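# Examination of the molecular architecture
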Amino acid sequence: MSTEDYDYLFKIVLIGNAGVGKTCLVRRFTQGLFPPGQGATIGVDFMIKTVEIKGEKVKLQIWDTAGQERFRSITQSYYRSANALILTYDITCEDSFCCLPEWLREIEQYANNQVVTILVGNKIDLADKREVVRQRAEEFADTQSMLYLETSAKESDNVEKLFLDLACELIREAKQNTLDNSENSPMPGEGKSISYLSCCSLN
Amino acid sequence: MPLPRLPNMPGMPYWLTLPNFPNFPSPRTLLLDCCTILDHQVGGGVCGCCGALRPRYKRLVDNIFPEDPEDGLVKANMEKLTFYALSAPEKLDRIGAYLSERLSRDVTRHRYGYVCIAMEALDQLLMACHCQSINLFVESFLGMVRKLLEADKPNLQILGTNSFIKFANIEEDTASYHRSYDFFVSRFSEMCHSSYEDPDIRTKIRMAGIRGLQGVVRKTVNDELQANIWDPQHMDKIVPSLLFNLQDETVESQSPSPEAEKDKESPVELTERCFRELLGRAAYGNIKNAVKPVLMHLDNHSLWETKTFAVRCFKIIMYSIQSQHSHLVIQQLLGHLDANSKSSAKVRAGIVQVLSEAAVIEASGSVGPTVLEVFNTLLKQLRISVDYELTGAYDYGNIGTKIIKEHEERQLQESVIKTIGSFASTLPTYQRSEVMLFIMGKIPVPGIYPALGSANTGFEGSRMIQVMLLKSLLQVTVGFQTTNMLTALPSSFLDPLLSFTLMEDAEVRLLVLDILISLIDRHDNVLMFSSISIITDISVLKLKVDKCSRQDNLFMKKNAQRLFRHIYLVCNEENSTQRHFESLFSLLALLSIELATEEVVVDLIRLALALQDLAGEEALPVYNRCAIHALSAAYLNLICQLTTVPTFCQHVHEVIEARQKEIPYLLPEDVFVEKPRLPESLPKPEGDIVFLQSKIAETLGGSGYNTERLATPYIPQITDEDRLSKRKSIGDTISLQLEMDSRHSPEREQKTPTEQITFETLKQAIVDSVTMEEQERERRRLVVERFQTAPFEEIAAHCGARASLLQSKLNQIFEITIRPPPSPSGTLTAHGQSRSIPVYEMIFPDLCVY
Ligand SMILES: Nc1nc2c(ncn2[C@@H]2O[C@H](COP(=O)(O)OP(=O)(O)OP(=O)(O)O)[C@@H](O)[C@H]2O)c(=O)[nH]1
Ligand SMILES: [Mg+2]
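So, how was this worked out
Residues numbered from 1 in each chain as written. Chains lettered and ligands numbered in written order. Predicted model: local features only at pLDDT ≥ 70, side-chain atom pairs only at ≥ 80, totals over all residues. Heavy atoms only, no water. UniProt positions renumbered as here; feature names shortened; annotations may be inferred. Helix = DSSP H or I, 4+ residues; strand = E, 2+ residues; numbered from the N terminus. Buried < 20%, exposed > 50% of the residue type's maximum accessible area, 1.4 Å probe, protein only. Contact = heavy atoms within 4.5 Å. Areas by Shrake-Rupley, 256 points an atom, 1.4 Å probe, with all protein chains shown as cover. Axes fitted to C-alpha atoms, helices over the stretch in contact; angles between N-to-C directions. Parallel < 35°, antiparallel > 145°, perpendicular 65-115°, else oblique. Left-handed = near helix turned anticlockwise from the far one by under 90°. pLDDT = per-residue confidence, 0-100. Donors = N, O, S within 2.8 Å, 3.2 Å for Na, K, Ca; no water. Nonpolar A, V, L, I, M, F, W, Y, C, P; charged D, E, K, R; others polar.

Going by an unreviewed UniProt entry, chain B carries the name Protein EFR3 homolog B isoform X1 and comes from Clupea harengus. Looking at chain B in UniProt, the text filed under Sequence similarities (unreviewed entry) is "Belongs to the EFR3 family."

As annotated in an unreviewed UniProt entry, chain A carries the name Ras-related protein Rab-30 and is attributed to Clupea harengus. UniProt's Cofactor (unreviewed entry) comment on chain A is quoted here verbatim: "Mg(2+)". Within the UniProt record for chain A, the comment given under Sequence similarities (unreviewed entry) is "Belongs to the small GTPase superfamily. Rab family."

Pasting the structure below:
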């Protein structure tokens, strides 16, 4: 018996310029809706969703950060413990794409170096306003060895896929990790130390 | 069934005094082992059980939940459970796990009534159980709190937080392993930023977040096995979250319900309390990590520019941290100021303002080993700002240049200067004079100290730096009261301060006077003399006077002559304003009050009479001459009353009366007005409108003053000793004349106006031009620049060359000595020829070339 009701716990942090649709993506995924008039995020937001992948329960702790410059120092402090980062830009906004190198520098500086980063181009429903062609983004993601996905929080395109793909990738890495160093790794998640686990397993 | 009671079972209210319980000696591992064995013994038969065979602890737990959650916790059964837990503490972790399991299920099924009951039960168990056993229980407890915090229902979040806070207040006396508060810090910080639509609920969530953070801090701060709460990863979340709420005015501006207002803390108040608590707990090594996020927050939210919040934050910080750490905060602020050297003047001014206010809070002397560092940084900022102002822009990395707003730089400079004053005011006397020396050492005084202005700002830069540093120095002297002037103001301080270089520029000159006044005025008498006038009865001024101490006496023995000389030479400067004469009057007055021995009084009177002579000459503009006359009259009127010699007073009074009738423009009341009515020309005054040296000597002689000295006209000189020994200060033009002077016998002194050859003359002779101000400035600029940039050897070599050139030039000049320019001493004589002879033999020190 365990007090926890999941097999994996992953922390996912969304980052990217203000207004690119991070919060909408999260709410689409966790609540299945596209919030009208979504206001700018203040500091950080928190959501949780448990999904099942191949029979395993995966709990996703999602930290949605504010894109606004003024919250930068608090949001940065959330990078560190992230298992995955969703770096989001808005395909209808060249600026948000141009800022990506800057975001990568922040990741470099503040995130754990094993972090999985995925680049997301959001708002593909606004195809006629597209400013960043897909190929350009794909190439960029390639050079940075990131996964790339285009989404629409509004039309719910690829949103589910985004989080599920990420979860799969994280599971794969976690399994890899436990194989690599089997004796000491409550790798993803927190505080589930071996001793505690073994104590519980006596039941 | 009657409830069995342990004889010593404490009542609920006492459970809070947990640490008083007797301790079980057994270490945790032992307990764990026991527990494991028991589990196996009991567990064997129970496995895979149906309801009736459920383990006792499960049944006990089940029984605390009523049929209808509205009924709340079944109290009697809760007591049973508590009793059971107390008598079988090894079962605690099972109980916790089972409760937790139920709670999880209830959360998922939205049976919130049961969730609340489960939490209430947990809280009670937590409070009731022995502190050592808590450890067994905490994991499942924290798991449950986490569960609640993960929920998106505000009520559950708040419920979880409240439980956590209760837990945080339990003092555990055993180390606790395997706990991670990461999630809690992250989540509570997130809650602090809640943007829940309903403002009331939003406030509740935010306040829960703040309390939660407080709880984490309390729980971890003393537990060495815990993740260090002071690590940046935590502080960078906690501090900005608190500041965000501290700064949030929207909450405050809500119309407060009057009755709730009294006992209910506002979010801002709560935040401040938590912030203070956090800071108060910070040990020496943690201050930095706690303050850094504050600086970052203020940066990110552009809060330096508006100042108020930044100042408020740092007031809280300075008052909350342990006072012996306060210099760390100052250091951090200084470092931040440095790091912001390229930020806008407004940002820099904000940081400086904060520094200024923090300085005053810092207990006196605790600037500690960093005193000079503090001033060094501030002076550096002054210099940087002057550079920016003069160059109009600065290089801003790869972004290009940034245009400077001149008035903002000005404001910043004023702010830095004020801050220097704030810091100085916290220092004990000896450190203050150290700082004065330090600042003095930074003032560019060509020939004595190298210039500080950067190469590209040149002469004007140097001048501005002089002004800034003198203003800073003035700030440091405010309220400076030393009983030992001699050690507080060594010649390494006075030499450059009184040097000729700082006399030329009107603003600089005035600052020097004001600094002198501030240093000498130790009884706050200066206000009495802030305007210059004929004071008919000085007793109304109620001056505070102490007897001149032995140290003061020694100080004057050493320095009186150079002070007098300074006053004299300052009067001789053309570009003086009313302010200058007012300051001169104050200075003379304060010297007479603070430092006057009989001998000093005699010399001061001689000085005043020499000034009258100076004003008699036609070299200076009419305004200056009238002003000097007026100054001399005002001062003699004061000093005669201080001597209290009636005949002296009478003479002064008569002259003033005569002037009032005939030539009022030689009195302060007529000169120092907005539009003084002055004559076109001013012939040397004669008759009953002049103060007579012989008469004064005569009147004072009767009262035991040194008549002989009184009758001798004053001639500017450095010290009495200097006239006999070798001159020490080089690069000072006037001292140069004195050396020549000293070669004459004292009796002939008055007839030998060596002073008639001034440095100016020499310079003019060298450049073969009569008066080329421009050229002179340019040359000065080049010299300053060279000194800043050239290596020492080069300068030395250059000086050597120039010195020999000068020597030969001088020889030429003196051979064809032309009519000398008016002497600064104003003494006239017919023996012009005799005095120039010794000059031939003089070897000029190298630096006199400049
Ligand atoms: N058409 C379209 N609009 C979207 C989409 N996603 C978000 N938006 C809109 O973009 C705006 C910003 O969305 P948010 O989710 O608040 O952006 P954010 O990245 O969270 O912004 P910050 O919280 O300030 O960092 C909102 O007006 C959304 O309605 C999308 O997929 N399609
Ligand atoms: Mg957002």
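### Concerning the overall build of chain B
In terms of helices and strands, chain B carries 38 helices and 2 strands. Counting over 850 residues, chain B shows a buried share of 55%. Partitioning the intrachain contacts of chain B with sequence separation of at least 6 by distance along the chain shows that 76% fall at a separation of at least 24. A total of about 36,900 Å² of accessible surface is found on chain B, and carbon and sulfur atoms cover 54% of it.

### Some words on the packing of helix H10 (residues 232–247) of chain B against helix H15 (residues 308–320) of chain B
In helix packing, the relevant descriptors are the interaxial angle and the interaxial distance, both defined with respect to the helix axes. Residue and element names in this part refer to chain B. One can describe the packing of H10 onto H15 by two numbers: an axis separation of 11 Å at closest approach and a directional angle of 120°. Looking at the two axes, H10 sits oblique to H15. Seen from above, H10 lies across H15 with right-handed handedness. Along its contact with H10, which presents Leu 243, Leu 246 and Gln 247, the element H15 presents Phe 309, Arg 312, Cys 313 and Ile 316.

### Points about the confidence of the model for chain A
All names here are of chain A. Confidence along chain A averages 87 in pLDDT terms, with 87% of residues attaining 70 or more. Helix H7 (residues 194–201) is the least confidently modelled element of chain A, averaging 30 in pLDDT, while strand E4 (residues 84–90) averages 97, the highest of any element. This stretch, residues 184–203, has a pLDDT under 50; its non-local contacts, to residues over four places away or in other chains, come to 35 contacts.

### Thoughts on the coordination of the magnesium ion (ligand 2)
Tetrahedral coordination by four donors places them ideally at 109.5 degrees to one another around the metal; octahedral coordination by six donors ideally gives 90 or 180 degrees. All names here are of chain A. Within the protein, the atoms that donate to the magnesium ion (ligand 2) are Thr 23 (OG1) and Thr 41 (OG1), at distances of 1.9 to 2.0 Å. Placement of Thr 23 in helix H1 (residues 22–31) and of Thr 41 in the loop between H1 and strand E2 (44–53) is noted, with a sequence separation of 18 residues between them. Residue Thr 41 is classed as buried on the basis of its relative accessible area of 8%.

### Section: the packing of helix H8 (residues 182–192) of chain B against H10 of chain B
Residues and elements named next belong to chain B. Two elements in contact, H8 and H10, have axes separated by 9 Å at closest approach and are oriented at 20°. Of the possible angle classes, the one that applies to H8 and H10 is roughly parallel. The handedness of the crossing between H8 and H10 comes out as left-handed. Seen from H8, the contacting residues are Asp 182, Val 185, Ser 186, Ser 189 and Cys 192; seen from H10, they are Gln 233, His 234, Lys 237, Ile 238, Ser 241, Phe 244 and Asn 245. Within the contact of H8 with H10, the residues separate by chemical class into 4 nonpolar, 6 polar and 2 charged.

### Looking at the side chain of Thr 477 of chain B
Residue and element names in this part refer to chain B. Structurally, Thr 477 is set in helix H21 (residues 458–477). A relative accessible area of 0% places Thr 477 in the buried class. Contact partners of Thr 477, with chain neighbours within four places excluded, come to Arg 432, Met 436, Ile 515, Ser 518 and Leu 519.

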